[in-house]
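So the chains spell out like this:
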Amino acid sequence: MADWNASPFAISCGDPAGVGPEIIGKSWKQRVEAGLRPFFAIGNFADFENLAGVPAQKIDQPIEASETFDKALPVFHIHDAAAAVPGRATMDSAQCSLHALEIACGLARSGDAGAVITAPVSKTQLYKIGFRYPGQTEFVSERFGIARENAVMMLAGPTLRVVPMTTHIALRDVPEHFTERLIIACACAAEKAMIRNFGIEKPRIAIAGLNPHAGENGNLGNEEQRIMQPAIVKLREQGMDITDPLPSDTMFHEEARRKYDVALCPYHDQALIPLKTLHFFDGVNITLGLPIVRTSPDHGTAFNIAGQDIADPRSMIAAIQMAATAVANRQIHNN
């Protein structure tokens, strides 16, 4: 088996017209104070060679990253083109981001990369070049042979971890996709991830109701009784520590958060609003259910500020740190 713990991390460039190259470079500049292990960027070298205060160096093999890391940002060059124009997403910048993501997955599969960290992409641009996935999470899961329902997105910060059980779909479509099978799959992935990636031996899982006040005993909707409760009964029979459906408006204050390790939420904004309120600058997207560790900063391409040297790297730094924590815990728990 490949020794992922000894391999440098691969960071795909994201859309190079966005802030991806900048936050990767700034993360490298803070490598010592942030305690970051060696990593290398994947993309067009031209997008990295003129970053403010960041010396960049091409590498031919990932293993060279560890030797280069102390003196320069290692860049695995994969896309010959002129540097992207900050803020101007193009078909070429989308092609570069997709190529970098594909290479990062391949290097992780072979063990040449210890984890995959993905900088933000523009899905609008990716769709123009034939990308057929809701996001990078689904692309990565397919590359590792994992069914989409088993590759679960978690957003995590220092005081809160959340799993949106449905993700990038319209709110009106949530009830149709919200099934007993989905709840069980997400809960099992979350429990396993708490053990493997975070070292929590007996995770406490909270689950938010779909409706206001968790349905008010069926008076404000019956999904809690009809769909959620049967799934919870089955999960408890498996030994899982999981709550009954909770009103989502009372489960994210400080005292409530002390009672659980991860919260499952039926829909996207129900999970991401509290996470981004608490951890807008240090939240991390981590994909559960994969044979490798994949994290990402919890923000977008920020085309509006690209090229101005004002992008905040804290979420990228947190993504690199969380990847290191997950890799180390997986070694302890034998992957």
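Residues numbered from 1 in each chain as written. Predicted model: local features only at pLDDT ≥ 70, side-chain atom pairs only at ≥ 80, totals over all residues. Heavy atoms only, no water.

### Quick look at the overall build of the protein chain
Part 1: A tally of regular secondary structure across the protein chain gives eleven helices and twelve strands.
Part 2: The C-alpha radius of gyration computed for the protein chain amounts to 20 Å, which stays within 12% of the reference 20 Å derived for 335 residues, consistent with globular compactness.
Part 3: By its C-alpha atoms, the protein chain is 60 × 40 × 35 Å across when sized along the principal axes.
Part 4: The buried share of the protein chain, reckoned over its 335 residues, is 55%.
Part 5: Working note: accessible area of the protein chain is about 14,200 Å², and carbon and sulfur atoms make up 50% of it.
Part 6: Of the side-chain charges in the protein chain, 30 are positive and 37 negative, and the distance between the mean point of each set is 1 Å. (Helix = DSSP H or I, 4+ residues; strand = E, 2+ residues; numbered from the N terminus. Rg over C-alpha atoms; globule rule 2.2 N^0.38 Å. Buried < 20%, exposed > 50% of the residue type's maximum accessible area, 1.4 Å probe, protein only. Areas by Shrake-Rupley, 256 points an atom, 1.4 Å probe, with all protein chains shown as cover. Lys, Arg positive; Asp, Glu negative; His and termini not counted. Charge placed at Lys NZ, Arg CZ, Asp CG, Glu CD.)

### Topic: the side chain of Arg257
Part 1: Of note, Arg257 is situated in helix H9 (residues 254-257).
Part 2: Buried charged residue Arg257 carries no salt bridge. Nearest counter-charge: Glu254, at 5.6 Å.
Part 3: In terms of polar contacts, Arg257 uses its side chain to reach the backbone carbonyl oxygen of Thr159, at 3.4 Å.
Part 4: A distance of 2.6 Å separates a polar atom in the side chain of Arg257 from the backbone oxygen of Phe252. (Salt bridge = Lys/Arg side-chain N within 4 Å of Asp/Glu carboxyl O. Polar contact = N/O pair within 3.5 Å; in protein donor to acceptor, adjacent residues only side chain to side chain.)

### Overview of the side chain of Asp47
Part 1: Within the fold, Asp47 resides in the loop between strand E2 (39-43) and strand E3 (56-59).
Part 2: Although Asp47 is buried, it makes no salt bridge; Lys58 carries the closest opposite charge, 12 Å away.
Part 3: Filtering out sequence-adjacent residues up to four positions away, Asp47 remains in contact with Pro16, Pro21, Ala83 and Ala84. (Contact = heavy atoms within 4.5 Å.)

### Description of the packing of aromatic side chains
Part 1: Per the stated rule, a full pass over the model turns up seven aromatic pairs.
Part 2: Measuring from ring centre to ring centre gives 5.1 Å for Phe131 and Tyr133, while their planes differ by 55°; the resulting arrangement is tilted. Each member of the pair Phe131 and Tyr133 is classed as buried.
Part 3: Chaining the aromatic ring pairs together yields one cluster made of Tyr127, Phe131, Tyr133 and Phe139.
Part 4: The ring of Trp28 carries Arg31 above its face, with NZ or CZ at 3.8 Å from the centroid.
Part 5: Against the face of Phe144 rests Arg109, its NZ or CZ located 5.9 Å from the ring centre. (Phe/Tyr/Trp six-rings, centres within 6.5 Å; stacked < 30°, edge-to-face > 60°. Lys NZ or Arg CZ within 6 Å of the ring centre and 35° of its normal.)

### Observations concerning the sheet that holds strand E10 (residues 262-265)
Part 1: Read from one edge of the open sheet, twelve strands run E3-E4-E2-E1-E5-E12-E11-E6-E7-E10-E8-E9, paired in mixed fashion. Each edge of the sheet is formed by a strand with only one pairing partner; in this case those strands are E3 and strand E9 (241-246). Put simply, the sheet's adjacent strands are angled 30° from each other on average, direction ignored.
Part 2: Alignment of strand E7 (residues 161-164) against E10, held across three bridges, turns out to be parallel. Along E10, the bridge assignment pairs Val162 with Ala263.
Part 3: Across the sheet, helix H3 (residues 91-110) lies against strand E1 (9-12), E2, strand E4 (73-77) and strand E5 (116-118), angled at about 140° from E2, the strand it touches most.
Part 4: The strands touched by helix H10 (residues 268-279) are strand E6 (152-156), E7, strand E8 (204-208) and E10; relative to E7, the strand with the most contacts, the crossing angle is about 160°. (Pairing = 2+ DSSP bridges. Axes fitted to C-alpha atoms, helices over the stretch in contact; angles between N-to-C directions.)

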